[in-house]
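Inside the fold
Each chain, letter by letter, is given below.
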Protein chains: 2
Amino acid sequence: MFERVLIAEDHQSVNRWVLQTLEKQGASYIRQAHYCDDALKLLEIAGKEGSPFDLLITDLSFREDRPGQKLAGGTDLIVAARKLQPELKVLVFSAEEQPTVVSSLVERFGINGYVWKGPRDEEDLPAAIQHIFRGKIFVSRELQQAVRSKNAHDFSDYDITIISELVKGTLQKNIPYVLAEQGHKAASLRSVEKRLGEIRDALGFTKNEQLIAYCKDHWII
Amino acid sequence: MFERVLIAEDHQSVNRWVLQTLEKQGASYIRQAHYCDDALKLLEIAGKEGSPFDLLITDLSFREDRPGQKLAGGTDLIVAARKLQPELKVLVFSAEEQPTVVSSLVERFGINGYVWKGPRDEEDLPAAIQHIFRGKIFVSRELQQAVRSKNAHDFSDYDITIISELVKGTLQKNIPYVLAEQGHKAASLRSVEKRLGEIRDALGFTKNEQLIAYCKDHWII
DNA sequence: GCAGAACTTGCGGTTTTCCGCAACATTGGC
DNA sequence: GCCAATGTTGCGGAAAACCGCAAGTTCTGC
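So, here's what we can say about the structure. Throughout this document, residue positions are counted from 1 along each chain, in the order its sequence is written. The naming scheme follows written order: chains are lettered A onward, ligands numbered 1 onward. Reporting of local features is limited, given that this is a predicted model, to residues whose pLDDT is at least 70; pairs of side-chain atoms are given and counted only at 80 or more, and all residues count toward the totals for whole chains, interfaces and linings.

Looking now at the protein's contact with DNA strand C. Being near a molecule or strand means, for a residue, that its C-beta atom, positioned from the backbone, comes within 6 Å of it. Taken together, the neighbourhood of DNA strand C is formed by 15 residues, with Ala186, Ser188, Arg190 and Ser191 of chain A together with Gln172 of chain B sitting nearest. Mapped onto the surface near DNA strand C, the elements with two or more residues apiece are helix 9 (189-203) of chain A together with helix 9 (189-203) of chain B. No other element matches helix 9 of chain B, which puts 4 residues into the surface near DNA strand C. Residues are grouped as follows: Ala, Val, Leu, Ile, Met, Phe, Trp, Tyr, Cys and Pro are nonpolar; Asp, Glu, Lys and Arg are charged; all remaining types, including Gly, are polar. Residue classes in the surface near DNA strand C are distributed as 4 nonpolar, 5 polar and 6 charged. A run of DSSP states H or I qualifies as a helix once it reaches four residues; a run of E qualifies as a strand once it reaches two. Both are numbered from the N-terminal end.

Overlaid copies result from least-squares superposition on C-alpha atoms, with residues included only where pLDDT is at least 70 in both. The operation relating chain A to chain B is a screw motion whose rotation component is 179°, with 0.7 Å of axial translation and a residual RMSD of 0.5 Å. Considering both components of the superposition, the chain copies are consistent with a two-fold axis. Placing a C-beta atom from the backbone of each residue, one calls two residues in contact when those atoms lie within 7 Å. Comparing contact sets, 100% of the residues at the interface of chain A also lie at the interface in chain B, consistent with an isologous, same-surface contact.

Near DNA strand D there are 15 residues, and of these Gln172 of chain A together with Ala186, Ser188, Arg190 and Ser191 of chain B occur at the shortest range. Looking at the surface near DNA strand D, the elements with two or more residues in it are helix 9 of chain A together with helix 9 of chain B. Per-element accounting of the surface near DNA strand D gives the leading share, 4 residues, to helix 9 of chain A. In terms of residue class, the surface near DNA strand D is built from 4 nonpolar, 5 polar and 6 charged.

A few words now on the pairing of strand 3 (residues 55-58) of chain A. All names here are of chain A. Think of it as a crowd count around each C-beta: if 20 or more other C-beta atoms lie within 10 Å the residue is buried, if 12 or fewer it is exposed, and in between it is partly exposed, with C-beta placed from the backbone throughout. Here strand 3 shows no split at all, with Leu55 and Ile57 on one side and Leu56 and Thr58 on the other all buried. Two strands are said to pair when DSSP picks up at least two bridges between them. Pairing geometry for strand 1 (residues 4-8) and strand 3, over 4 bridges, is parallel. Bridging across to strand 3, Leu6 finds its partner in Leu56. As defined by bridge partners, strand 3 adjoins strand 4 (residues 89-94) across 4 bridges and the pair is classed as parallel. Residue pairing for strand 4: Ile57 is matched across the bridge by Leu91.

As a further point, take the nonpolar core. Leu6, Leu91 and Tyr114 of chain A are the most contacted members of the largest nonpolar core, which totals 42 residues. At 5 residues, the largest contribution of residues to this core is made by helix 5 (residues 121-133) of chain A. Aside from chain neighbours lying at most four places away, what touches Tyr114 of chain A is Val92, Val102, Leu105, Val106, Val139, Ser140 and Leu143 of chain A. Note on terminology: a nonpolar core is any set of buried Ala, Val, Leu, Ile, Met, Phe, Trp, Tyr and Cys residues joined through C-beta atoms within 7 Å. Residues Ile7, Val92, Phe138 and Leu143 of chain B belong to the second largest nonpolar core, which totals 41 residues.

At the junction of the two partners, chain A supplies 15 residues and chain B supplies 15 residues. The set of elements that each furnish at least two residues to the side of chain A that touches chain B consists of helix 7 (157-168) and helix 10 (208-217) of chain A. Ranked by residue count, the leading element in the side of chain A that touches chain B is helix 10 of chain A, at 7 residues. A class-by-class count of the residues in the side of chain A that touches chain B yields 5 nonpolar, 4 polar and 6 charged.

Written out as structure tokens, the structure is:
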């Protein structure tokens, strides 16, 4: 899991909670910044010292109660941070819910995740961190429609057959018969297992239960 | 499973398919009627002979290409059949998609199931038969909103915690820790297993995957 | 047609889940 | 309090799912 994480967020309460979440996930070095400028400075210092941050979690809007700031907000911070350290993973954690904003962040600035400060953030944030760690992009469910997810698995006919059988209650070990009946090529039990494993992996899941929930959420089945 | 089943349905193709489905499920005596009057007659005869039908599967609308029919349609048939044999299980299989029609059938005539002749009927019909056999009421997902399901399991806080953990990807064997943390009484692994088993059973499922799909469909999680 | 890549399959061992059983704990009348 | 009913827990064995590996097959590009 991520070792060195920087949080840029000016609400103390949110800050504390994000911190706890990160600690639970095993981050060993966590720093917080209440202003964008401070955050950038911390990134610079860490870079110079040869121990750069692995992940930046940032809000989009900050109070501007300190004059003379260079960076106007989270977007500026992201741009500056990426210039400084292109491989840095960036997770935006914000209440902004304009889908266009989100998709622009993903497409233009290549952020790795966007968690909406909404009713599900408590689940989403840890999930997002995990996804990003696995090299995926995570966007809160509510805003996903806006972003043609780059790592969304393309569900083939074959995949859907398998998943539908699971939902019908068919035991995995019996799915090969169904597959064979329908004339699919890869109809062995091992293939079913492998395929399910691949799909789960592609989406950053470990259990079929997650996969089913995902498919339902996305109207795949 | 049901032994003696009567199908009232005037479309030959549908008829055949329903028949096959029933055979797959192990029904030993299946009769078909193309008119409501015929269906009722068959019910009467079977009753007099002391070997009544267990299940009636009927459409709602029939072609009226035979004059002098007593029964005008599926609804009449249901009423007459129930008068004759109150404990008879009735499954309506129809293209009618007015939610009010469905809920009235369930509430006023006490039908045991309604499968909509729609894109999912191939899955729904077998499921409906199983549910009904287990004493449940089954209504196709598309029309469920109309009917306050009478056998829906009441999901407690405890249940939802368990299921949510599954959806998060928590291994079943690790759920006890979560439960304990939240101060639930039954926090042993065996309790989790047992509870999941009970819920699955109450809903006529055998696998967690089905349960997750159900919960998503019903907005339980 | 051939070599290499990609895919498919069976095998075997591990992990996880499932489920009956019996011991123990808790609850609710009386 | 006491008994019965109900709920909870641990145990142990069976079933199912998981996953690496290696052998076999099919697909490509040249």
